[in-house]
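Structural overview
One-letter residues, chain by chain:
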Amino acid sequence: MSAKITITKPFTIMTKPRRPRRTKEDIEKSINEAAVDLIGRKGFAGVQLSDITRQADIEPVVFYNRYKNLDAFYDEFLKKYDYWVSEGIKRRNATEDDATPTIDYCKTVLNGLITDLQEDKIMREILRWEIADANAVTERTAMLREMLNMQLVFKFKKLFREGESSIDIAVLSALMISGIYYLFLHRNRSTFCGIDLNDPGDIERMRKTVDAIVDLAFSTLK
């Protein structure tokens, strides 16, 4: 009686497909896009470094090759999305800081802030994080923003000198900017004095009123 011969299939080694090679720019873009998406959904306090590396599809060591830690990443990240910091850098690069500020420039800056807060969720999350969480990153960002604010206010104060105008331009700027901040951060809770900043018509009313306040302030100059 002949022995039965069993033919088995050859053993196959399963290998994980190689990840497509990405450039440094591709990796940096992936990290930033992951951070934008996660922060937009969870807020800064709800995002961990592992969340970013997982969504960016990179190993933690790749992240650490670029940044010392998550705080170091946020230091750079916030400069791209904080309106005053990014505007300050642009003004400095364009030598705008050397020019005498004008009424039109004042309106442009304030209306730019309105646009950024309307369109950029990350900018709103930066402000929420800064108010809710005192840490090294939020303190550094707030201090940098204030330094840039004061550079601008100082130049306007040259126009609104005591005796030249009844307006304290630093106080007026603080009231207008903080009011714009608050209304946008509050807009999903309820209306405020009947103003709904989810309504494009009410945003336009805000813009017109901001321009009118600037006109009134400049009209006090002697």
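Higher on the page you've got the structure.
Heads up: these notes are all about the structure in this document. (Residues numbered from 1 in each chain as written. Predicted model: local features only at pLDDT ≥ 70, side-chain atom pairs only at ≥ 80, totals over all residues. Heavy atoms only, no water.)

As for the pattern of salt bridges
Within this structure, the stated rule accounts for twelve salt bridges. A salt bridge links glutamate 125 to arginine 128, with the shortest nitrogen-to-oxygen separation between them at 3.1 Å. Of this pair, glutamate 125 and arginine 128 both sit in helix 7 (residues 121-132), three residues apart, which is roughly one turn of that helix. Since its relative accessible area comes to 12%, glutamate 125 is described here as buried. (Salt bridge = Lys/Arg side-chain N within 4 Å of Asp/Glu carboxyl O. Helix = DSSP H or I, 4+ residues; strand = E, 2+ residues; numbered from the N terminus. Buried < 20%, exposed > 50% of the residue type's maximum accessible area, 1.4 Å probe, protein only.)

A word on the packing of aromatic side chains
The description of two aromatic rings rests on the distance between their centres and on the angle between their planes. Considering all chains together, one arrives at 16 aromatic pairs under this definition. Taking 5.1 Å as the distance between ring centres and 75 degrees as the angle between the ring planes, the aromatic pair formed by phenylalanine 44 and tyrosine 74 counts as edge-to-face. Note that phenylalanine 44 is positioned in the loop between helix 1 (24-42) and helix 2 (49-56) and tyrosine 74 in helix 4 (residues 70-81), a separation of 30 residues in sequence. Each member of the pair, phenylalanine 44 as well as tyrosine 74, carries the same accessibility label: buried. Taking the centre distance of 5.1 Å and the plane angle of 75 degrees together, the rings of tyrosine 67 and phenylalanine 73 count as edge-to-face. In terms of burial, tyrosine 67 and phenylalanine 73 fall into one category: buried. Ring pairing ties together the aromatic residues Phe44, Phe63, Tyr64, Tyr67, Phe73, Tyr74, Phe77, Tyr81 and Trp129, which thus form one cluster. (Phe/Tyr/Trp six-rings, centres within 6.5 Å; stacked < 30°, edge-to-face > 60°.)

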